[in-house]
Structures are given as C-alpha cells and as structure tokens.
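# Structural description and commentary
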Amino acid sequence: MTDKLYIGLDIGGTAVKAGLCGADGELLHLVEGPTETERGRERVLDNIAACARRCVEESPFSWERVAGVGAGIPGQIDAERGVVEFIANLPLTGVRLKDYLESALGRPARISNDANVAVLGEAWSGAGRGVSSSVTYTLGTGVGGGIVIGGRVIDGFSGMGGELGHMALVADSEAVRCGCGKTGCLETVSSATGIVRMAREAVGRGARTSLADAGELTAKAVFDAAKAGDGTALGIVDRAAHYLGKSMALVALIVNPERFIVGGGVAKAGEFLLERVREAFHAHALERARQGVEIVAAELGNNAGVIGAAGLVRDL
C-alpha cells in the first residue's frame, strides 16, 4: 500500500458515508452519519465535514496521509467549478462544495454526480479493475450508468454522457412513454419499474401466470417465477435482457469498451439475467465490436459511491 490515502464522501438526503481508501481503491475504513437536511444548509455542511474527519480519526491512519477528498452528490453538478447547480433533496443548490471541502478539511477536493462516482468506483477497484475502458449499467428504479475510459468518467459537454437508460431503442409497436418524456427508452423495459409494469400488464390482460397470485408484484417476484418455469415471467425477463444486450451492441460501436458491468437491484438475478444479455449482445453486435468483450456483474454494491468519490482525487 502506498502512503497516500483518499477520502470519499457519498452524500445522500438521509445519511453521509465517508470512506478512507488506499491508492489501489481498497476501502480501509468506513463511517456513516446523519445529513439532517431539515436543519438547514449550514448543519448539512458541518455534518459532511464532521463525517470526513471522523472517518480518519476512528481509523488507524493519520490525517497527514490524506491527499484529497472527493464527494458524490445526487444532483446536477458543475464538476469543473465544483458547484452544486441543483439538488432536490438537500439544501445545497448553489453551494460551491469543492471550495467548502477544501476550506473545512484542508485538502484538495473534487465533486461529481453520485451515479458517476459509483461507476468510477466499479472501474477503479470493482468489476472494471484491470481494464482501461468499461461501461456500467445500474438497473434499479430506473436505468443509470456511465462510461469510463482511461480511468476517467466521460460525462460529455453538458453532463449527459452515459445516460444509458434513455436510449430510445424499443420497437415502436411495443414502446411506452418514459418518465423523461420520450417514448421507447431502455429504462421502460430493463429497469425494475419496467419489469413490474410488464408483469402488471400481463396479469391485466389475463395471461396464465403464477404472477397473478403474487401478493406483491416486484422484479424479484418476476425473476423467481421465471426461474421456476413460468412462461409469462420468462418472456418478460427475455424482453428486458434483449433490449439491454441490444443497447450494449450500440454502445460498443461508439465506445468499444473492454467490459460491460451490470449492477443495481435487478442485477441480483445474476447469471440467469447475464446469460440472456450476453446472447442478445452477441446477436446484435458487429463481430469486431464484440470480440473479447466481457459482460459481468458489479462487485462493490453500496460501497461503490464512496470508493468512486475517493477515486476522483487520486490523480491530484
């Protein structure tokens, strides 16, 4: 392990997590504290700084070894200026958070969107380690993700790079409107929300399926039924996997990554899902774009954000 250590902050509406990482992305110590959004901006900022300090103080390492502090925020971020441009669930809109962290903690700081830092975490020390380019999908309530090339997240001119869930690729005959306002987005079929929607539609039209007797329709219930041989549930899983793999085939023509990483709650289905995604990817991708490309499960779980935030400052 090298001498330099990095603090990563995962800032949420309810809690702040602070992790201390080595230069190889190993998570060495982790603490959590309340955000206390109801008590206003100053208290939230104080809590963020206090959590970072406590992470080091309660670890076996000295503050002198900390080389920088990174933070992931669930909002619209101007990473270049270090400003929180808009955030719905925290009183930090307009805050120059980078400057605040540098002043409060005495170390160089960087901030980014929480989804981007989670993607960076997987690329640094999770399922993307060992390759220079990877694309991560997070399948949860929606479909998020990001692109990492050469250790850096590619977020584009206006921060819209890597918005994988809003590729409009579902066939018009089966497309529905997405929450973003467009029709046919990947998110409408490959997210947990999309899977549940398709299950409800199947039950509503009278399909013969065990899902009709499920107490609560969830994505897990659909996967469990599919694994048990339910034809309707299996068709829903196949459809979600088909469009996910097809989207990867399109991304492969633009980015040509070495590895696709699939995380989020839906990815807990494991190889049952991934095998189908690989099949769809190979069916749709050009041969040169698919050769040697891996599709694997994410590894870091809830710690991806903390580790990725620390990774923001490893090259300072």
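Residues numbered from 1 in each chain as written. Predicted model: local features only at pLDDT ≥ 70, side-chain atom pairs only at ≥ 80, totals over all residues. Heavy atoms only, no water.

Take the packing of helix H5 (residues 192-204) against helix H6 (residues 219-227) next. When two helices pack together, their arrangement is captured by the angle between the axes and the distance separating the axes. At a minimum axis distance of 8 Å, the contact between H5 and H6 shows a crossing angle of 65°. Where H5 crosses over H6, the handedness of that crossing is left-handed. Listed contacts from H6 to Ala-192, Ile-195, Val-196 and Ala-199 of H5 are Ala-219, Val-222 and Phe-223. (Axes fitted to C-alpha atoms, helices over the stretch in contact; angles between N-to-C directions. Helix = DSSP H or I, 4+ residues; strand = E, 2+ residues; numbered from the N terminus. Left-handed = near helix turned anticlockwise from the far one by under 90°. Contact = heavy atoms within 4.5 Å.)

Here the focus is the state of the cysteines. Using the criterion set out here, one finds zero disulfides in the structure. Left without a disulfide partner, Cys-21 is nearest to the cysteine sulfur of Cys-55, which lies 8.3 Å away. In this structure Cys-55 is not part of a disulfide, and its nearest cysteine sulfur, from Cys-51, lies 7.1 Å away. Among the residues examined, Cys-55 registers a relative accessible area of 0% and is labelled buried. (Disulfide = S-S within 2.5 Å. Buried < 20%, exposed > 50% of the residue type's maximum accessible area, 1.4 Å probe, protein only.)

Moving on, we come to the sheet that holds strand E11 (residues 259-263). Where strands meet in a sheet, backbone hydrogen bonds hold them as pairs that are either parallel or antiparallel. Spatially, five strands are ordered E10-E9-E8-E11-E12 in an open sheet, and the strand pairing comes out mixed. In the strand order of this sheet, the two ends are held by strand E10 (152-153) and strand E12 (294-297), each with one partner. Two elements, E11 and E12, share four bridges in a ladder whose sense is parallel. When the sheet's bridge partners are listed, Val-262 is paired in E12 with Ala-297. Across the sheet, helix H7 (residues 231-254) is in contact with strand E8 (133-139), E11 and E12; its angle to E8 comes to roughly 150°. (Pairing = 2+ DSSP bridges.)

Quick look at helix H3 (residues 114-125) now. Side chains that are three or four residues apart share a direction in an α-helix, a result of its 3.6 residues per turn. Between its terminal C-alpha atoms H3 stretches 17 Å, which fits the 16 Å expected from 12 residues at 1.5 Å a residue. Put simply, Asn-113 is the residue that caps the front of H3, since its side-chain oxygen is 2.8 Å from the backbone nitrogen of Ala-115. (Expected span 1.5 Å × (residues − 1). Polar contact = N/O pair within 3.5 Å; in protein donor to acceptor, adjacent residues only side chain to side chain.)

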